[in-house]
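Here is what each chain is made of, one letter per residue.
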Amino acid sequence: MIDFFKLKEIVLSNNSFLLTTHVNPDADAIGSETAFYYLLKKLGKEVFIINHSATPYNMEFFNKDKIIHKYDENLHKDLFNNVDVLVALDFNRSDRVVSMKEPFTKSDKLKICIDHHQLPEDFVDHLFIDSDYCATGQIIYDFIKQTNIIELDLQIANPIYAAIMTDTGSFRFERTTSEVHRIIAELLDLGVSPWEIYDQLYDQSKFSKIKLLGRALNSVKLDAEGRIGYMVITQKDFDELGALESDTENFVNYNLSVENVVIGILFIELKNGFKVSIRSKGNIPVNLLAKEFGGGGHINASGARFFTDNMQEMIPVILSKAKGYLN
Ligand code: 5GP
Ligand code: MN
């Protein structure tokens, strides 16, 4: 149970807040920041949103007011010591903010974390976390409803809807409960337009992204008698197509659409290292698999980043570890 009244007390008794989220943010990350930003603004607070990553272009519609900034050491470093509260949204480990890890951890200001991932690190003063929530956006919804700290309106309903929609895989993952649907019903009553948000997030892809998806699909291979499916995207793919790392969002799920596959893995070669995205069906805890390589995540969705350039060598090593999680 999250102590929402403690969170309310922190919000009401402080004046300035710096919100941040994880590297390579998804719509739960950006949506939660945006929803929390407008909540704080309605209370007259001073608020900054500073992220390690640039906002992906399909989420720029959240940022019409230009409220989200990419971290620039010269411009933003002092902010970490000048605001009253640092708020970590949708992540629970300090290394998830990459270039901002140092200013975040070294700041002596009050730090709080609002999140729904498992295996949290002890990196803040107050953890407002519960992994039963389908999205961090759902936690913000509950915070508003349980404390009545503000009145929910369309400006806040829109990003909360986007957060829940993406983190439930458009209302199909396990934590898509009747409660989630009741929340969604209320958000629609406030005026949220499902098709417009879906269209912005998923149906405005750059042509290069769709071509990259083609390469990823073309690379799919099966292992472990067809129970593991995996894809590989190389730097050459990115370069030849002019595609970006953020274009790979959701590609990993295609592995799981192959019959009998219960673990899907996407290997992505980056300029400085590589990234592994892992998904599973049922109760296969791929967060523990990712943790073996310094990563983390949820039971059915996890990942890890490697700052080494030996992806091809590591593929069989990671596949072999993954086999240990079948059954
Ligand atoms: P994705 O595959 O979409 O990048 O990540 C899926 C989930 O895995 C994320 O929501 C996040 O919880 C977790 N994750 C991905 N990469 C990392 C990582 O490098 N470190 C940790 N701790 N978690 C990660
Ligand atoms: Mn999330």
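Everything quoted here is computed from the prediction, not taken from an experiment.

A. Expanded view of the domain arrangement of the protein. What the domain assignment reports for the protein is domain 1 (4–201) and domain 2 (207–323). One C-alpha centre belongs to domain 1, the other to domain 2; they are set 26 Å apart. Tallying the contact residues gives twelve residues for domain 1 and 16 residues for domain 2. With both chains or domains summed, domain 1 and domain 2 bury close to 1,200 Å², and 48% of this area falls on carbon and sulfur atoms.

B. The sheet that holds strand E11 (residues 296–297), seen in detail. One open sheet accounts for six strands, arranged E7-E8-E9-E10-E12-E11; its pairing is mixed. At either end of the open sheet lies a strand with only one pairing partner, and these are strand E7 (221–223) and E11. Bridge analysis of strand E8 (residues 228–233) against strand E9 (residues 263–270) gives six bridges, and the strand direction is parallel. Considered in E9, the bridge of Tyr230 is made with Ile265.

C. Representation of the packing of helix H7 (residues 154–167) against helix H9 (residues 194–202) in the model. Two elements in contact, H7 and H9, have axes whose closest approach is 11 Å; the angle formed by their N-to-C orientations is 65°. The way H7 lies across H9 gives a crossing that is right-handed. Contacts from Asn158, Tyr161, Ala162, Met165 and Thr166 in H7 reach Pro194, Ile197, Tyr198, Leu201 and Tyr202 in H9. Along the lines of polarity and charge, the residues of the contact of H7 with H9 split into eight nonpolar, two polar and no charged.

D. Molecular detail of the nonpolar core. The biggest cluster of nonpolar side chains holds 53 residues, and the ones touching the most others in it are Leu19, Phe36, Ile160 and Leu187. Of the residues forming this core, the biggest block, eight residues, is contributed by helix H2 (residues 27–42). Those residues in contact with Ile160 that sit more than four places away from it in its chain are Ala35, Gly137, Ile140, Tyr141, Ile144, Leu152 and Leu187. In terms of nonpolar packing, the next biggest core, distinct from the first, is built from 26 residues, Val262, Val276, Ala290 and Ala322 among them.

E. Just the site of ligand 1, in detail. Lining the immediate environment of ligand 1, one finds 15 residues, of which His117, Lys275, Ser277, Arg279 and Ser302 sit closest. In the model, a nitrogen atom of ligand 1 is placed 3.4 Å from a nitrogen or oxygen of the Arg96 side chain. For ligand 1, an oxygen atom lies 2.8 Å from a polar atom in the side chain of Arg279. In isolation ligand 1 offers 500 Å² of accessible surface; the protein chains occlude 84% of this area. Taken together, the elements giving at least two residues each to the shell around ligand 1 come down to strand E10 (273–280), E11 and strand E12 (301–306). A per-element tally of the shell around ligand 1 places E12 first, with five residues. When its residues are assigned to classes, the shell around ligand 1 shows two nonpolar, eight polar and five charged. Composition of the shell around ligand 1 by domain shows at least three residues from each of domain 1 (4–201) and domain 2 (207–323).

Criteria and cut-off values
Residues numbered from 1 in each chain as written. Chains lettered and ligands numbered in written order. Predicted model: local features only at pLDDT ≥ 70, side-chain atom pairs only at ≥ 80, totals over all residues. Heavy atoms only, no water. Domains from an automatic or database assignment. Contact = heavy atoms within 4.5 Å. Buried area = accessible area lost by both parts, 1.4 Å probe. Pairing = 2+ DSSP bridges. Helix = DSSP H or I, 4+ residues; strand = E, 2+ residues; numbered from the N terminus. Axes fitted to C-alpha atoms, helices over the stretch in contact; angles between N-to-C directions. Left-handed = near helix turned anticlockwise from the far one by under 90°. Nonpolar A, V, L, I, M, F, W, Y, C, P; charged D, E, K, R; others polar. Core = buried A, V, L, I, M, F, W, Y, C linked by side-chain atoms within 4.5 Å. Buried < 20%, exposed > 50% of the residue type's maximum accessible area, 1.4 Å probe, protein only. Near = heavy atom within 4 Å. Polar contact = N/O pair within 3.5 Å; in protein donor to acceptor, adjacent residues only side chain to side chain. Areas by Shrake-Rupley, 256 points an atom, 1.4 Å probe, with all protein chains shown as cover.

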